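Remarks on the overall topology
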Amino acid sequence: MVVPCWNPDGLQAGTRYNANGVDLNRNFPTGWNPHSDEPPGPGPLSEPESQALHSLILEIQPRKIVSLHWALAELDADGLQSRDFLAAIWNSLSDEERVPYRCRLSRHPDDSECPGSLGKWCGYGLHSVWGWGPAIVTLELPAEPLVPRAVELPSDHLQTVQARWRRDSVGYLQEAEPAVRKMLLAACRFPTETEDSNHP
Ligand SMILES: [Zn+2]
C-alpha cells in the first residue's frame, strides 16, 4: 500500500506542519513530548492526519514500512526488528550511490531525536502495547543527491533542498531517483525467500 502524502495541507502551503500548525511527525503517542523540538500538538494523536495513519496501520498490520522524508540524507531505522530490513535496503546500493546517505539503527526509544514520530511508534510503541511491530525505515532524501554527505549536516540543509527543488526539480529527480528506486525495490522484495525460510 502507498500513502502518497500524509500531510496534504502542508504540501499545499509549502510547510512541514499541517493546517493546525502541528508537526505530524511529533504527534504519535510513543515518547510524545509537549516540549518537543517541533510543535507536537495539544496531545498525542490530536490531529486527523495522525489518527488516520494510526488507524490504517493498526488495521492492516504491515510487516514493513518505508517512510519517505526530506532532507536528513539518511536511512533511519527504529527498533531491532528493523535491522535486517535496513541492511537489505542499504545493501541494494553501490558504494557510489551510498555517498549522499548515512545509515542508522536506533535500538532504544530514547536513542534518537524525534519524540512522537511515526518511527518511534512503529519501532517501539507497537511492540510494547500491541505485541507486534513492523520493521520501519525512514528514508530521508539528500539535499544534493550526488554530493557526499557531510558528517554534520549544515543547518540550512532544508533550505538548500527547497531552493534546489524550485530551481531544478527535474534535475533533482533524475539524480535522486535511481538509488531511491533500488532502495524501494529492495524494500518491496524483503524478506527474500532465504531470509524468510524460518517464517513460512
Ligand atoms: Zn524527517
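Keep in mind the model is a prediction, meaning the values are calculated, not measured.

Let's shift gears to the overall build of the protein chain. For the protein chain, the helix and strand inventory stands at 6 helices and 4 strands. Relative to the compact-globule value of 16 Å for 200 residues, the protein chain shows a C-alpha radius of gyration of 17 Å, a close match. Among the 200 residues that make up the protein chain, the fraction classed as buried is 44%. Contacts spanning at least 24 positions in sequence make up 66% of the contacts within the protein chain whose residues lie at least 6 apart.

As a further point, take the pairing of strand β4 (residues 135-141). Among the 7 residues of β4, 7 are classified as buried, and the element is accordingly described as predominantly covered. Neither face of β4 is left uncovered, since the one carrying Ala135, Val137, Leu139 and Leu141 and the one carrying Ile136, Thr138 and Glu140 both have all their residues buried. Here strand β1 (residues 64-70) pairs with β4 via 7 bridges, running parallel. Residue Leu68 lies in a different strand from β4, and its bridge partner there is Leu139. Examined bridge by bridge, strand β2 (residues 74-78) and β4 share 5 bridges and lie antiparallel to one another. Residue pairing in the sheet places Ala77 in a bridge with Val137 of β4.

Let us look at the coordination of the zinc ion. Geometry sets the ideal angles at a metal, namely 109.5 degrees for four tetrahedral donors and 90 or 180 degrees for six octahedral donors. In the first shell of the zinc ion, the protein supplies His69 (ND1) and Glu140 (OE), at 2.0 to 2.2 Å from the metal. Of this pair, His69 sits in strand β1 while Glu140 sits in strand β4, placing them 71 residues apart in sequence. Taking the relative accessible area as the measure of exposure, His69 reaches 21% and is therefore partly exposed.

Right, let's get into the environment of Asn18. With respect to the helices and strands, Asn18 occurs in the loop between α1 (8-13) and α2 (48-60). Classification of Asn18 by relative accessible area gives buried; the value is 6%. With 29 residues separating them along the chain, Asn18 and Glu47 place their C-alpha atoms 8.6 Å apart. Filtering out sequence-adjacent residues up to four positions away, Asn18 remains in contact with Asn7, Leu24, Glu47 and Glu49. Side chain to side chain, Asn18 and Glu49 meet in a polar contact 3.2 Å long.

On to the pattern of salt bridges. Where charged atoms of side chains with opposite charge meet at close range, the side chains can pair. A complete count under the given rule lists 13 salt bridges for this structure. As a salt-bridge pair, Arg16 and Asp23 come within 2.7 Å of each other at their nearest N and O atoms. A residue is classified by how much of its surface remains accessible, and Arg16, at 37% relative accessible area, is partly exposed. One salt bridge in this structure joins Asp84 and Arg83, with 3.7 Å as the shortest N-O distance. Residue classification places Asp84 among the partly exposed positions, given a relative accessible area of 45%. Each of Glu74, Asp76, Arg102, Arg104 and Arg149 takes part in salt bridges that share partners, so that together they form one network.

A separate point is the packing of helix α3 (residues 83-91) against helix α6 (residues 157-189). At a minimum axis distance of 8 Å, the contact between α3 and α6 shows a crossing angle of 140°. Taken together, the axes of α3 and α6 are oblique relative to one another. In the crossing of α3 with α6, the sense of the turn from one axis to the other is right-handed. Touching Phe85, Ala88 and Ile89 of α3 are Met183, Ala186 and Ala187, all from α6. In terms of residue class, the contact of α3 with α6 is built from 6 nonpolar, no polar and no charged.

Thresholds applied
Residues numbered from 1 in each chain as written. Predicted model: local features only at pLDDT ≥ 70, side-chain atom pairs only at ≥ 80, totals over all residues. Heavy atoms only, no water. Helix = DSSP H or I, 4+ residues; strand = E, 2+ residues; numbered from the N terminus. Rg over C-alpha atoms; globule rule 2.2 N^0.38 Å. Buried < 20%, exposed > 50% of the residue type's maximum accessible area, 1.4 Å probe, protein only. Contact = heavy atoms within 4.5 Å. Pairing = 2+ DSSP bridges. Donors = N, O, S within 2.8 Å, 3.2 Å for Na, K, Ca; no water. Polar contact = N/O pair within 3.5 Å; in protein donor to acceptor, adjacent residues only side chain to side chain. Salt bridge = Lys/Arg side-chain N within 4 Å of Asp/Glu carboxyl O. Axes fitted to C-alpha atoms, helices over the stretch in contact; angles between N-to-C directions. Parallel < 35°, antiparallel > 145°, perpendicular 65-115°, else oblique. Left-handed = near helix turned anticlockwise from the far one by under 90°. Nonpolar A, V, L, I, M, F, W, Y, C, P; charged D, E, K, R; others polar.

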